[in-house]
Amino acid sequence: MGMTEEEKFRFDLTGFLVRPAILTADEIAPIVDQIDRIKHDPESLPVEERAVPGGAMSLLIDHPKVTEVLHDLIGPDVRMEGTFCVWRSKGEVHGGLHGGGPGQIDPIFGYRCANGRIHAGMVRVIFELTDVTKQDGATHFIPGSHKANFPMHADHMSLEAGKRSEFLATYECPAGSAIFFTENLCHAGPPWERETPRVAVLNAYSHLATHWHRLTIAPEVMAGLSRQRQAWFREPWIADFRTSPATHNTTDRFLQMEEPTVRLDHQS
Ligand SMILES: O=C(O)CCC(=O)C(=O)O
Ligand SMILES: [Fe+2]
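What you are looking at is a predicted structure, and each value in this text was computed from that prediction instead of being measured.

Participant: When you look at the overall build of the chain in this model, what are you seeing that I'm missing?
Facilitator: When helices and strands are tallied, the chain shows six helices and 12 strands. The C-alpha radius of gyration computed for the chain amounts to 19 Å, which stays within 12% of the reference 18 Å derived for 268 residues, consistent with globular compactness. With the C-alpha coordinates of the chain rotated into their principal frame, the extents come out at 60 × 50 × 35 Å. Relative to its 268 residues, the chain shows a buried fraction of 46%.

Participant: Any chance you could explain helix α2 (residues 25-40) here in plain terms?
Facilitator: For α2, with 16 residues, the first-to-last C-alpha span of 22 Å sits near the 22 Å given by 1.5 Å per residue. When we look at burial in α2, the residues that qualify are Ile 28, Ile 31, Gln 34, Ile 35 and Ile 38. End-on view of α2: buried residues confined to an arc of 130°, all on one side of the axis. Of the exposed residues in α2, those oriented more than 90 degrees away from the buried face are Ala 25 and Asp 26. Taken together, the buried residues of α2 touch β2 (78-88) and β10 (198-207).

Participant: Explain the coordination of the iron ion (ligand 2) to me, please; I cannot follow it from the model alone.
Facilitator: A metal bound by six donors in octahedral fashion has ideal angles of 90 or 180 degrees, whereas one bound by four tetrahedral donors has an ideal angle of 109.5 degrees. Bound to the iron ion (ligand 2) are the protein donor atoms His 98 (NE2) and His 187 (NE2), situated 2.1 Å from the metal. Around the iron ion (ligand 2), the four donor atoms sit at angles spanning 77 to 173°, and that spread fits a shape best called irregular. Taken as a pair, His 98 in strand β3 (residues 95-98) and His 187 in strand β9 (residues 187-189) lie far apart in primary sequence, 89 residues in all. Given a relative accessible area of 32%, His 98 falls into the partly exposed group.

Participant: How should the site of ligand 1 be read in this particular structure?
Facilitator: Around ligand 1 sit Phe 84, Arg 88, His 94, His 98, Arg 124, Thr 139, Glu 183, His 187, Gly 189, Arg 198 and Leu 202, and those are all the residues in its vicinity. Between ligand 1 and His 98 there is a distance of 3.2 Å, counted from an oxygen atom to a side-chain nitrogen or oxygen. Between ligand 1 and the protein, one listed contact pairs an oxygen atom with a side-chain N or O atom of Arg 198 at 2.8 Å. Looking at the shell around ligand 1 residue by residue, the class counts come to two nonpolar, five polar and four charged.

Participant: Would you mind going over the pairing of strand β6 (residues 123-128) with me for this structure?
Facilitator: Residues in a regular strand project their side chains so that they alternate between the two faces of the sheet. Most of β6 sits inside the fold, with six of its six residues counted as buried. Residues of β6 alternate between two faces, with Val 123, Val 125 and Phe 127 on one and Arg 124, Ile 126 and Glu 128 on the opposite face, all of them buried. Examined bridge by bridge, β6 and strand β8 (residues 177-182) share six bridges and lie antiparallel to one another. Within the sheet, the bridge partner assigned to Ile 126 lies in β8 and is Ile 179.

Participant: For this particular structure, what's the right way to read the pattern of salt bridges?
Facilitator: Opposite charge on two side chains permits them to pair, given that their charged atoms come into close proximity. The tally for this structure, following the rule as stated, stands at 13 salt bridges. With a shortest N-O distance of 3.6 Å, Lys 8 and Glu 5 are connected by a salt bridge. Within this pair, Lys 8 and its partner Glu 5 are both found in helix α1 (residues 5-14), separated by three residues, close to a single helical turn. Residues Glu 160 and Lys 163 are paired through a salt bridge, measuring 3.6 Å at the closest nitrogen-oxygen approach.

Participant: Just checking my understanding: could you explain the sheet that holds β3 for this structure?
Facilitator: Paired through backbone hydrogen bonds, the strands of a sheet run either parallel or antiparallel to each other. Overall, antiparallel pairing links the three strands, which are arranged β3-β9-β7 in an open sheet. Both edges of this open sheet fall to β3 and β7 (140-141), since each of them pairs with a single strand only. Here two bridges tie β3 to β9, and the two strands are oriented antiparallel to one another. What sits directly across from His 98, in β9, is His 187.

Participant: Help me out: how do you make sense of the pairing of β8 in this one?
Facilitator: Most of β8 is tucked away, with six of its six residues classed as buried. Every second residue of β8 is oriented toward a common face, with Ser 177, Ile 179 and Phe 181 on one face and Ala 178, Phe 180 and Thr 182 on the other, all of them buried.

Participant: Explanation requested: helix α3 (residues 64-73) in the structure shown.
Facilitator: Since the α-helix packs 3.6 residues into each turn, any two residues three or four apart lie on the same face. By the burial criterion, the buried members of α3 are Val 66, Thr 67, Glu 68, Val 69, Leu 70 and Leu 73. The positive-phi residue at the C-terminal boundary of α3 is Gly 75, with phi of around 135°.

Participant: Please clarify how the packing of aromatic side chains should be interpreted in this entry.
Facilitator: Any two aromatic rings considered together are summarised by their centre-to-centre distance and by the angle between their planes. In total, this model carries six aromatic pairs according to the counting rule given. Their ring planes at 40° and their centres at 6.3 Å tell us that Phe 11 and Tyr 111 sit as a pair that is tilted. Remark: Tyr 111 occurs in the loop between β3 and β4 (112-114) and Phe 11 occurs in helix α1; sequence separation between them is 100 residues. Pair check on accessibility: Phe 11 and Tyr 111 agree, each one buried. Centroid distance Phe 16 to Phe 141: 4.4 Å. Interplanar angle 25°. Geometry classified as stacked. One end of the pair, Phe 16, is in strand β1 (residues 16-19); the other, Phe 141, is in strand β7, with 125 residues separating them in the sequence. Among the residues examined, Phe 16 registers a relative accessible area of 12% and is labelled buried. According to the relative accessible area criterion, Phe 141 is buried, its value standing at 0%.

Reading guide: rules and limits
Residues numbered from 1 in each chain as written. Chains lettered and ligands numbered in written order. Predicted model: local features only at pLDDT ≥ 70, side-chain atom pairs only at ≥ 80, totals over all residues. Heavy atoms only, no water. Helix = DSSP H or I, 4+ residues; strand = E, 2+ residues; numbered from the N terminus. Rg over C-alpha atoms; globule rule 2.2 N^0.38 Å. Buried < 20%, exposed > 50% of the residue type's maximum accessible area, 1.4 Å probe, protein only. Expected span 1.5 Å × (residues − 1). Arc of directions from axis to C-beta. Contact = heavy atoms within 4.5 Å. Donors = N, O, S within 2.8 Å, 3.2 Å for Na, K, Ca; no water. Tetrahedral: all angles 85-135°; square planar, octahedral: opposite > 155°, others 65-115°. Near = heavy atom within 4 Å. Polar contact = N/O pair within 3.5 Å; in protein donor to acceptor, adjacent residues only side chain to side chain. Nonpolar A, V, L, I, M, F, W, Y, C, P; charged D, E, K, R; others polar. Pairing = 2+ DSSP bridges. Salt bridge = Lys/Arg side-chain N within 4 Å of Asp/Glu carboxyl O. Phe/Tyr/Trp six-rings, centres within 6.5 Å; stacked < 30°, edge-to-face > 60°.

This is the structure we're talking about:
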């Protein structure tokens, strides 16, 4: 199915998109429980579930309502390249406004749209696992800043009450929603304002040819994933010309291979 025309318009205009409630209550509860244990009692989990993206949360890697959006934002060949989860208590922050403006994260990860198709570099997907209101302090954005032609102006970079940009925007959503944004959008993880914690998983995806984050997933966590999900972390290359015709780095090829081929530095 893919993104609707309205979703494409919205993402291109603002740099972010909310898909509300794509997860069921039955999917959310075990992931919340897993993150609670990861942060507070990791020993109570089997090793392959003790860190992202293993265990219950592994269904987020390739959720169909996410994959179809990534194909429209990045292209048919997508890798997952990083992920983290948060259990954010009142007063805790991720950081101030960053990104946005003409420099972008790097041109190869830049935001482009040509011939009616979006070609985003790195795309972040936030899975909010609790209901979120606009007062809670979830991720904030300066909409449109992924296409800004002038550097982000200091007058628009404050998160302090009374000094916030008139453009600063956030979202409200029910538990189980996915928020997509291009990493070139100016964004922040401001202080969490709510008494109950923010529980979220933040995945990063990019084109199969590129890699921004060095892979840090623990070998035992990777080993616990299905081959289909391991394929999302395959090496960043497109074609191998040692064969004729060239071999393409497809998911199918990965699945046909006998040996695990997600290379981790600390494994060799
Ligand atoms: O924690 C947040 O709300 C923002 C996280 C962030 O800056 C990012 O995922 O790039
Ligand atoms: Fe960020």
